[in-house]
Amino acid sequence: MSQESNSTSISYNIESEVLERYQEGARQQQPSLCCPTDYEGNYLEILPEEIVAKDYGCGDPTRYVNAGEIVVDLGSGAGKNCYILAQKVGAAGKIIGVDFNDEMLSLARKYQGEIAEKLGYHNTEFVKGKIQDLKLPLDPLQNWLQNNNISSIDGIGQYEAECDRLKREEVLIADNSVDVVISNCVLNLVRPEDKQELFAEIFRVLNRGGRAVISDIVCDEDPTPTILNDPELWSGCIAGAFREDLFLKMFEDAGFYGVEILKREETPWQVIDGVEFRSMTVRAYKGKEGDCWERKQAVVYKGPWKQVQDDDGHTYCRGERMAVCDKTYQILTNPNSPYKKEIIPIEPYENISLEEAEPFACKSKAIRHARESKGSGYSVTDMNGNADCCSPGECC
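Overview of the structure. (Residues numbered from 1 in each chain as written. Predicted model: local features only at pLDDT ≥ 70, side-chain atom pairs only at ≥ 80, totals over all residues. Heavy atoms only, no water.)

## Observations concerning the packing of helix α8 (residues 195-205) against helix α11 (residues 244-254)
- Between α8 and α11, the shortest axis-to-axis distance is 9 Å and the interhelical angle comes to 55°. The pairing of α8 with α11 is recorded here as oblique in orientation. α8 and α11 meet at a crossing whose hand is right-handed. Mapping the contact onto sequence places Lys-195, Gln-196, Phe-199 and Phe-203 in α8 and Phe-247, Met-250, Phe-251 and Ala-254 in α11.
- Split into classes, the residues belonging to the contact of α8 with α11 amount to six nonpolar, one polar and one charged. (Axes fitted to C-alpha atoms, helices over the stretch in contact; angles between N-to-C directions. Helix = DSSP H or I, 4+ residues; strand = E, 2+ residues; numbered from the N terminus. Parallel < 35°, antiparallel > 145°, perpendicular 65-115°, else oblique. Left-handed = near helix turned anticlockwise from the far one by under 90°. Contact = heavy atoms within 4.5 Å. Nonpolar A, V, L, I, M, F, W, Y, C, P; charged D, E, K, R; others polar.)

Shown next, in the form of structure tokens:
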């Protein structure tokens, strides 16, 4: 009974259960909603105690964000992660918290001025939206509903038309507009039928080269029907947990590359019906789509594995010069690449501009002969410019 084909019927409204549980969590602290988490640095020191106490999570995705970046926090809750990141990204960066819960949004916004005064700059924004539909701004939609009484089929059509207009003209988070999307123990709260759309939305809003860093609850096997039919376990981050392998596959299916587990708790947070539930943090990158051009570049995989395969099916053999297109070369060798430490880049001696490049005949495994990078006319015998590097009779 995998999460991809789970036929168990859920008899309750997931969104209502989650909303009610976290509304109560905004009013009064609920320790059962979070896992113990150690946050990097001393960023919590300037945060009001109410924010720290009433924000719920299971990991620390904030430690993987850099200065100057634009970040979206999905399910931002009381704003703890947003206010941590406000300090990390600095005045040049920006943090956008997205949440569906009015009470949580009110709590997060309550301290914006105070935090901005402490930092000396204002770089946070909290917006109302569903994390599986980051185009639709819910505050203006709510205003429209208050002014338009829907009591007929025609009214439903007008409502849908207004949703479409808002997505076009007042989009909540624009395409290709942020550097990092984070989330802390929230994706599991989304309805199963909306999760594919959720990952597609994360992909849509990221810049090329951007990344998602998600901390969430995963399970080692599929939740049992008893677990799935307990509304308290769903709102408590259990019933909607991703199975470990399928969690990573969701990123892959959405088009991400370089998907990696940054942290996986060894000890389960909870064990129910023999199923282990634990926290896991995953990072994934956007940017492998596009044309392939031949610029005579090569890469050498350092090891230790004999060979590895990337998300596009390219195989890299240890110690071999592997032929790659320019797009793949940039992905593998970029300073921020997840592969950078495992790859030796080999540029051609004569630069081939993208304007001059021909289409690359992509193969799953192709070795680049050294002469391809050096050029057919290559005849230099002294790479160091020193003809006397060896004594007479010695072999260099």
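## Here's the deal with the packing of aromatic side chains
- Following the criterion strictly, the structure yields ten aromatic pairs and no others.
- On the basis of an interplanar angle of 50° and a centroid distance of 6.3 Å, the ring pair of Trp-144 and Tyr-159 is categorised as tilted. Linking Trp-144 in helix α6 (residues 138-147) with Tyr-159 in helix α7 (residues 153-169), this pair joins segments that are 15 residues apart in sequence.
- Overall, Tyr-159 belongs to the partly exposed group, its relative accessible area being 28%.
- Three or more aromatic residues joined by ring pairs make a cluster, and in this case those are Phe-199, Phe-203, Phe-242, Phe-247, Phe-251 and Phe-256. (Phe/Tyr/Trp six-rings, centres within 6.5 Å; stacked < 30°, edge-to-face > 60°. Buried < 20%, exposed > 50% of the residue type's maximum accessible area, 1.4 Å probe, protein only.)

## Structural notes on a nonpolar patch on the surface
- Judged by side-chain polarity, Leu-145, Ile-150, Ile-153 and Ile-156 come together as a nonpolar surface patch covering roughly 340 Å² of accessible area.
- Relative to the assigned elements, Ile-153 resides in helix α7.
- A relative accessible area of 68% places Ile-153 in the exposed class. (Patch = residues over 30% accessible without salt bridge, like charges linked within 9 Å, V, L, I, M, F, W, Y side chains within 5 Å. Areas by Shrake-Rupley, 256 points an atom, 1.4 Å probe, with all protein chains shown as cover. Salt bridge = Lys/Arg side-chain N within 4 Å of Asp/Glu carboxyl O.)

## Section: the side chain of Ser-373
- Secondary-structure assignment places Ser-373 in helix α13 (residues 370-374).
- Take Ser-373: its relative accessible area is 4%, and that puts it in the buried class.
- Separated by 3.3 Å, the side chain of Ser-373 and the backbone oxygen of Lys-296 make a polar contact.
- Sequence-distant contacts of Ser-373, that is, excluding residues within four places in its chain, are made with Lys-296, Ala-298, Arg-321, Ile-346, Glu-347, Pro-348, Tyr-349 and Arg-368. (Polar contact = N/O pair within 3.5 Å; in protein donor to acceptor, adjacent residues only side chain to side chain.)

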